[in-house]
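Architecture and fold: a report
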Amino acid sequence: MSMANRVSVADKRAAPLVGYRARRELWCLAFIAPQLALFLMFTAYPIVMSYVYAFFDWDGYGPPKDYVGFDNFIETVTDPIFWNAFRNSLLFMAYVVAVQVPLALLLALLLNAERLRGKVFYRTIYFLPVVTTTAVVGLVMRFIFGAYKGVVNELLIKLGLLTAPIDWLGSIDTAFLVVVLVGIWKTFGMKLVYWLAGIQSLPKELFESARIDGASGLQLLRYITVPLLLPVGSVILLMSAVNALHVFDLVKSMTDGGPAFKTDMVDVYIYRYAFSGNGGARVGFASAAGVVYGVAVMIISLALGLLVRWSGGRRNAARL
Amino acid sequence: MNPARRKRSPVYVLVHVLLFAIGIVWIYPFIWMIMSSFKTNNEYIVSGIKLLPQSFQFSNYKRAWETAHFSVYFWNNVIITVSVVVIVILVCALTGYAVGRYRFKGRLVFVTAVTATMFMPKGYTIIPIYSLVNSLGLNNSLWGVILAEVGGAHVLFILLFVAYFRGLPKELSESAEIDGSGFVRTFAQIVLPLSKPIIATAAIMQFMWTWNAFLMPLIFTLGKPELRTLGVGMFQFVGENTMDWTGMAAAASISLVPILAVFIAMQRYFIEGVSGAIKG
């Protein structure tokens with residue numbers, strides 16, 4: 001439904017009043033002016049400049065003057081540390097999405113079962129981590145998975161599963177895994193609520209008539225619920241993937257990319273160059289890395305967007 | 001199937017046991033954090049997996065609140081969050097009213113531009129935002145963080161307001177105007193009070209995002225400890241006091257308990273807000 005054809009017809013009725021319409025037009029412009037100013041300053045301008053800065057060798061002080069062409073881009077794509085971070089970001093996204101999206105659907109289906117009691121209670125519990133400050137949670141996790149007296153080690157030793165404590169976040173074998181686990185846990189509730197919203201928007205009559213026709217619970221799931229959820233599912237997939245690709249707070253607070261860059265992600269990599277302090281910042285280079293990654297994320301989103309379109313999710317995607 | 005029989009079935013019980021057990025594990029980190037905040041550091045070391053403290057004592061909170069300046073960080077968080085929520089709601093309601101109820105020159109251009117930028121590949125836009133706020137001379141006050149958090153287009157909230165205002169009967173504002181109410185008064189006294197559900201949803205969402213923000217406050221308070229927010233203060237605290245576990249737990253509780261309390265009290269709005277994001 002286009003925005004234009006549902007505007008109030010009050011325009012026409014008010015027309016005889018001379019100057020009334022013109023005054024109202026001015027008021028409308030005045031009403032959108034604050035948002036327009038914020039949009040130009042904090043959305044449009046930064047997008048343009050994020051490209052412009054990438055062509056300069058600039059430490060962030062004073063205006064950028066030292067034009068270097070594509071040097072920053074060449075340096076980015078030839079830096080193995082960048083590709084290491086890129087690989088980690090993709091892996092993090094893949095693991096989080098692959099575990100979170102189907103499991104959240106399963107829980108949503110369970111919580112949607114008519115006869116299950118305590119739905120609101122469970123929904124509240126599983127949504128709880130979503131509302132908490134990611135950076136603070138990351139720091140708390142540093143202690144929970146800590147090598148010295150961390151509660152995870154204490155518990156595993158007590159259960160006899162471990163003989164000596166493990167430095168979960170300091171060891172190159174386990175750090176990435178722990179970051180992925182905490183990442184899944186932290187945003188799981190969000191996907192759960194998305195799925196619940198999707199399930200509740202399905203037409204109820206369809207289920208009733210299928211049930212009258214003698215379909216079993218599993219048949220309903222297989223032939224009605226899941227196919228009808230595909231469009232909303234692809235939107236969830238798209239949103240989850242883009243969010244996971246931009247993980248920052250969690251990694252910055254839990255590991256800061258370590259040990260030995262094992263949990264380094266692209267946004268953490270870029271931050272290091274953009275805000276390293278001590279006058280050593282390489283803002284131009286950070287911007288170039290940002291553009292390269294921005295384009296990569298766009299390509300991934302487009303690929304997933306095609307999936308959305310293919311599964312008939314246009315209606316949902318076009319709304320935003 | 002008979003519902004009473006279904007309820008007693010082993011599958012039903014198993015589902016509940018599983019959901020409950022996993023649920024405990026799910027929120028265990030927060031329980032552990034709160035319980036640890038009442039222990040002494042010595043007790044923390046020897047207590048192993050024992051959850052309850054020997055006695056509830058508040059010295060960790062006193063240390064975090066006073067010595068570690070979490071009182072400053074807490075009020076910074078409150079000031080930033082309240083300001084951002086109020087400004088964002090006002091800006092979005094104004095925009096939603098004009099776009100949702102009237103046709104005016106430039107409307108389509110505005111809507112198209114705001115929507116189109118969502119689909120553009122972006123570089124690292126934090127840097128231009130940072131230098132813009134710096135060049136406005138706001139980097140030495142909380143206003144820098146507030147403006148940076150307020151900045152940008154709030155497409156989701158605008159859409160919510162547009163849809164809501166458009167759905168209101170047009171006779172509402174027409175009769176007000178016949179009674180001599182002007183454009184602004186009609187909006188402020190008649191239409192805006194009707195949009196309480198949207199205001200509540202948007203306020204809760206924005207509250208959650210701003211209270212939990214990390215990157216913006218981090219870069220705007222580098223080298224300015226008095227402007228730190230809870231998340232940034234916590235980050236510095238842990239970096240400087242690696243052995244003060246229970247002080248850390250108290251500081252973390254000061255950061256997280258307010259948002260957890262607001263969530264539990266108003267969880268319906270949180271869920272609706274998040275659902276709104278997917279429904280569009």
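Residues numbered from 1 in each chain as written. Chains lettered and ligands numbered in written order. Predicted model: local features only at pLDDT ≥ 70, side-chain atom pairs only at ≥ 80, totals over all residues. Heavy atoms only, no water.

1. Quick word on the pattern of salt bridges
All names here are of chain A. For clarity, the threshold we go by: Here, a salt bridge means any Lys or Arg side-chain nitrogen found within 4 Å of an Asp or Glu carboxyl oxygen. Secondary structure elements follow DSSP: runs of H or I no shorter than four residues count as helices, runs of E no shorter than two count as strands, and numbering proceeds from the N terminus. Exposed residues in this analysis have more than 50% of their type's maximum accessible area, buried residues have under 20%, and partly exposed residues fall in between, with area computed by a 1.4 Å probe over protein chains only.
Within the structure shown, the criterion is met by six salt bridges over all chains. Between Glu-75 and Arg-282 there is a salt bridge; the shortest N-O distance is 2.9 Å. In this pair, Glu-75 is assigned in helix α3 (residues 71-77) and Arg-282 in the loop between α12 (266-274) and α13 (283-310), connecting sequence segments 207 residues apart. A residue is classified by how much of its surface remains accessible, and Arg-282, at 27% relative accessible area, is partly exposed. With its nearest N and O atoms 2.9 Å apart, the salt bridge here joins Asp-264 to Arg-272. Of the residues examined, Asp-264 reaches a relative accessible area of 0% and is grouped as buried.

2. Comments concerning unusual backbone geometry
Residues and elements named next belong to chain A. Omega for the peptide link from Gly-258 to Pro-259 comes to -10 degrees, which places this bond in the cis form. Along the chain, Pro-259 turns up in the loop between α11 (249-254) and α12. In the Ramachandran plot, Lys-149 falls in the positive-phi region, its phi being about 65 degrees despite a non-glycine side chain. Of note, Lys-149 is situated in the loop between α6 (134-144) and α7 (151-158).

3. Observations concerning the interface of chain A and chain B
A common way to express how large an interface is: the accessible area buried when the components associate. Spelled out, the test is: We call two residues in contact whenever any of their non-hydrogen atoms come within 4.5 Å of each other. Simply put, the buried area is the total loss of 1.4 Å probe accessible area from both parts when two parts are fitted together. Counted as a polar contact is a pair of N or O atoms within 3.5 Å, where, for protein atoms, one must be capable of donating a hydrogen and the other of accepting one, and residues adjacent in sequence contribute only when both atoms are in side chains. Asp, Glu, Lys and Arg are counted as charged, while Ala, Val, Leu, Ile, Met, Phe, Trp, Tyr, Cys and Pro are counted as nonpolar; the rest, among them Gly, fall into the polar class.
The partner chain B presents 108 residues to the 98 residues of chain A that form the contact. Taking both sides of the interface into account, the surface hidden between chain A and chain B amounts to around 9900 Å²; carbon and sulfur atoms contribute 76%. In this structure, the connection of chain A to chain B is made through zero salt bridges. The tally of links from chain A across to chain B stands at 17 residue pairs in polar contact (both at pLDDT 80 or more). With 22 residues, the top contributor of residues to the side of chain A that touches chain B is helix α2 (residues 20-52) of chain A. In the side of chain A that touches chain B, the residues fall into 69 nonpolar, 13 polar and 16 charged.

4. Let's talk about the confidence of the model for chain A
Residue and element names in this part refer to chain A. Threshold: Per-residue confidence from the predictor is reported as pLDDT, which spans 0 to 100.
When pLDDT is averaged across chain A, the result is 86; 90% of the residues are at 70 or more. Low pLDDT, under 50, characterises residues 1-10; the stretch is placed with 21 contacts to residues that sit more than four places away or in other chains. Every residue in residues 313-320 scores below 50 in pLDDT, and together they form 18 contacts with partners more than four places removed in sequence or on other chains.

5. Thoughts on the UniProt feature "transmembrane region" (unreviewed entry) in chain B
Residues and elements named next belong to chain B. To keep it simple, the criterion reads: UniProt positions are given in the numbering used here, feature names are shortened, and annotations may be inferred rather than shown by experiment.
The sites that UniProt annotates as "transmembrane region" (unreviewed entry) are residues 12-35, 73-96, 108-130, 142-165, 198-220 and 245-266. The straight-line gap between the two end C-alpha atoms of residues 73-96 is 34 Å; of that span, 100% is helix and 0% is strand. Helix makes up 61% of residues 108-130 and strand 0%. Its end C-alpha atoms lie 30 Å apart.

6. Some thoughts on a negative patch on the surface
Residues and elements named next belong to chain A. Keep this limit in mind: Patches here are clusters of residues that have more than 30% relative accessible area and form no salt bridge, with a 9 Å joining cutoff for like charges and a 5 Å cutoff for nonpolar side chains (Val, Leu, Ile, Met, Phe, Trp, Tyr). Per-residue accessibility takes into account occlusion by the displayed protein chains alone, with areas from the Shrake-Rupley method and a 1.4 Å probe. Charged-residue counts in this description rest on Lys and Arg as positive and Asp and Glu as negative, His and the chain ends being excluded. Charge coordinates come from a single atom per side chain, which is NZ of Lys, CZ of Arg, CG of Asp or CD of Glu.
Among the surface-exposed residues, Asp-57, Asp-59, Asp-66 and Asp-71 lie close enough to one another that they form a single negatively charged patch. Here Asp-59 shows up in the loop between β1 (56-57) and β2 (66-67). Taking relative accessible area as the criterion, Asp-59 reaches 34% and is therefore assigned partly exposed.

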